[in-house]
Structure formats: C-alpha cells, structure tokens
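# Examination of the molecular architecture
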Amino acid sequence: MINALIVDDEENIVKLVAHWAKKAGLNPQGFTNPLEAIEAFEKGDFKIVITDLKMPGMDGHKLARKVKSIAPDTEIIIITGHGDLEDAIDAMRQDVYDFIRKPFLAKELTQSLEQAVDKIILREENKRLLHDLKDMNKTLEKQVEERTRELTLKNKELEKLDDLKSKFIACVSHELRTPLTQVDSGMFVLNTVLEKKADESEKKLLHIIQMGVKRLNSVVQHMTKILQAEYRDGLLSQENISINRLLEEVYKEVSYFAGLRKQNLDCRLPEKEIFFKGDKGKLMDILVNICMNAVKFTPDGGKISISLEDAGTSFRTVIKDNGIGFTEEEKLHIFKKFYEAGDVMYHSSGTFQFKAGGLGLGLSIAKLFAEMQGGKIIAESEGPGKGSIFTVEFPYSQMS
Ligand SMILES: Nc1ncnc2c1ncn2[C@@H]1O[C@H](COP(=O)(O)OP(=O)(O)OP(=O)(O)O)[C@@H](O)[C@H]1O
Ligand SMILES: [Mg+2]
C-alpha cells in the first residue's frame, strides 16, 4: 500500500483529507505540525505528500523543498487558501504534482490523489522494467563475453591446427625429397639400361613406376610451393608478361588433358594484348591449377572455357566449366589447405581423371600466389551439377 503524508495546521482538514485518501486506496498519516511531519517523512516511506501552504513553523513551500531534497520522486499535492494564486504558481514551479484550492470538493481531491497513485504505480513499473532490462542486458553481455571467449579459443585452436598442417607439410616434403631424387635418378639409369632388353610387360611395368615417381614428384613440388607461399619464401620475380601469350601456354598444357577426357576446351583472348608486371611462374601455376581443376571436376565430354578481359585498372581471367560445381558451404572451404569437397573415398586417383583426388593444395597455393601479387580469386557456382566459374583478377599496379 502507498503511504501518504498529510500536513495541515487545521486538524479538520487533516482528517477530511485522510478520509478521502483512504478511499483512494492510500495509507494516510496526518500531522498538524510541519516539523513533526518532516521528521516522520524522513523515517517512513511516503510516496505522496499533501500539504497546506500557510502553516506556523514551516510553510508549505519550504516543506515541499525539504521533501524533494530527501526523496525527489515524491508526489506533492498542495492545498492553497482563497486567492493564493501566486502561491499556486510558485508551487507548480517547485515541481509539485498538483494543487487544490480551498474549499475543495471531495471529487477534486479524490481525482488528484488517484492520478498521483497512477503516476506512482507507473513509475514503479518503469523502474522494475528498467531493472529487468538491465539484468537482461547483463545476461546478454555475459553470454556475448562467453561466446567471444569460446570463439577466440576456437580460433587459437584453428591457428594451431593450421600451424601443425604447415609443419607436417614441411616435415613430409623434406623427408620425401631426398629418397625421391634417388628413386628418380635410379629410375632414369634403370630405364636406359632396360629399355632395349625389356619385353612388353616389363616395359609396361617400367612405365607404371615412372608415372608413380612423376606423381610423387608433383606432390612434393606442391608441398614445397605451399611452404614457399606461406612463408613468402623465395623472391617474387618481376617480369613484363603478356597475359595473352601466357594463356596460350596454359591452353596448350591443359588441352592435352582435356583432349584425353574428350572435353571441349575453348580459349577466348582479346585482340589487344594485355601486359602485366609480375611473377610468370606463379601466374602460370595459378592458372594451370584452376584449369586442371576444371578438367578434373567436369565429366567426359564437358565444356571448359578460358577467357581474358581488360577491366580498366585490372585484368580478369575467367575459367568456366559445366562440371560438378559446389555448394555454398563447400565454397567456404575449397581454398583451405587439404580440402576436397565430396567424399575423398570416391575420388579417383590421377591428375586429370574425373574427380581425381589430389592433395587439396592446388587452390590454396593459387590463392596465396595471387595475393602475393595483389590479385584475388573468386569462386562461384550455382550449386552441385551446375558448373563453376573461377575469376582470377589482378590490378595492373599494386604488388604486395
Ligand atoms: N572447377 C571445380 N569444380 C568443382 N569443384 C572444384 C573445382 N575446383 C576445385 N573444386 C573443389 O575444390 C577442392 C580443392 O581444390 P584444390 O585444387 O585445392 O585441390 P585438388 O584439386 O583436389 O588437389 P590438388 O590441386 O592439390 O591436386 C577440390 O578437391 C574440389 O572439391
Ligand atoms: Mg587442384
């Protein structure tokens, strides 16, 4: 229940006001002495004060000021005498809630009290809501903090994993390089010695071993390249490259494999030659990697097109195929090291066969090589079975 303090030097008025205050649902306490009233106010929890203006000991203005200084939210209703309009205006200036002129009607007083009660209830409700909101905010903040901590931890784990992958590549490529050189040179000697003596089936076997060594060599090369790119090892050469000529070379290299797969490989180059200052070997690696992916991930008889365009401040090479494409989810991962979409178990082996599984390093190498020269690669697909488009873009200036 809301406590109301009533102050008037006329006891009858105190009683009358208390009567109506009770009817309005308040718990009134009346005083004829304003000083005693203030004492009681300091001790009690009063939300409404109804006071007369002219009282011996302390006038209503002073009392109102005192009350506001103790509890600013208190609603004050002032009861003024006849002709005290000036006082009433003063009262309004002092942030009192209402004033009522004597003699007042019960209805006037009740209305004023009820409105004050409504205001108090609303304010309390607001306070509670604000408190709840603050609590909710705190909970949310806490949750955000927790999630951020979790994410940071996950990120650290991922960084560690990436670091481990790099270390693994470094180890494996280092361990493989020496024995591989031995096998490679041994193979060369064996081949020259046995070339004439070997029968057909032995020759076939020799060929298979040679192909295996070649594949192993390319795997080790891939590993070395990604290490180079990650640690920005090795110098980036700066040659003046004709992109038209470079794409003709790429076309020559890839068309052999596309031919084996009966794919239609088309290369459209602009008449005006496009020149770029950059690392030719790395550009070649990027484009061959992406074109060989197009060959691998497009069924036999499919279509692959390579095109080149001048985009003003940059040039764009677009490699488009009508192959297996990829999902939006897969798109997020294809540039990551060792990532291969689809089930690796179903990949065939080899370098150009349909869905041939490699190491899953080609695109990560291409991306790093492109970024080293200020370029970027954009991968797009309308979904599985709907082909893919890889756009390689390099600004004419701005090497990193
Ligand atoms: N043109 C494409 N169409 C559909 N999927 C593709 C295409 N190019 C790449 N991908 C997907 O992205 C994955 C990663 O490609 P990336 O070149 O890095 O690896 P890879 O070709 O499998 O192996 P590597 O290049 O190391 O021999 C591929 O395994 C394949 O799932
Ligand atoms: Mg590849």
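Going by the structure above, here's the rest.
This one's a predicted model, so the numbers in the text were calculated from it and none came from an experiment. (Residues numbered from 1 in each chain as written. Chains lettered and ligands numbered in written order. Predicted model: local features only at pLDDT ≥ 70, side-chain atom pairs only at ≥ 80, totals over all residues. Heavy atoms only, no water.)

### Points about the environment of Val392
Stated formally: By the criteria applied, helices consist of DSSP H or I runs no shorter than four residues and strands consist of E runs no shorter than two, each listed in order from the N terminus. For each residue, the accessible area found with a 1.4 Å probe, counting protein chains only, is set against the maximum for its type, and the residue is called buried under 20%, exposed over 50%, and partly exposed in between. Here a residue-residue contact requires only that any non-hydrogen atoms of the pair lie within 4.5 Å.
Along the chain, the position of Val392 falls in strand β12 (residues 388–395). In this structure Val392 comes out as buried when scored by relative accessible area, which is 2%. Taking the C-alpha atoms as reference, Val392 lies 18 Å from Asn322; in sequence the two are 70 residues apart. When sequence neighbours within four positions are dropped, the list of residues in contact with Val392 reads Ile286, Leu287, Ile290, Phe315, Arg316, Thr317, Ile319, Lys376 and Ile377.

### Looking at the packing of aromatic side chains
The description of two aromatic rings rests on the distance between their centres and on the angle between their planes. The condition that has to hold: Side-chain rings of Phe, Tyr and Trp (the six-membered ring for Trp) are treated as a pair once their centres are within 6.5 Å; stacked means planes under 30 degrees apart, edge-to-face means over 60, and tilted covers the remaining angles.
Enumeration according to the criterion identifies seven aromatic pairs in this entry. Considering the side-chain rings of Phe276 and Phe315, the 5.3 Å spacing of their centres and the 70° angle between planes classify their relative orientation as edge-to-face. Linking Phe276 in strand β8 (residues 275–278) with Phe315 in strand β10 (residues 314–321), this pair joins segments that are 39 residues apart in sequence. Like Phe315, Phe276 is buried. Between Phe276 and Phe394, the ring centres sit 5.2 Å apart and the planes meet at 50°, which makes this aromatic pair tilted. On the criterion of sequence distance, the pair formed by Phe276 in strand β8 and Phe394 in strand β12 is long-range, its members being 118 residues apart.

### What about the environment of Tyr396?
By the secondary structure assignment, Tyr396 is in the segment after β12. Taking the relative accessible area as the measure of exposure, Tyr396 reaches 26% and is therefore partly exposed. Residues Tyr396 and Lys23 lie 373 residues apart in sequence; the distance between their C-alpha atoms is 87 Å. Not counting chain neighbours up to four residues away, the residues in contact with Tyr396 comprise Ile274, Phe275, Phe276, Asp310, Gly312, Thr313, Ser314 and Phe315.

Keep in mind these values describe shape, not function.
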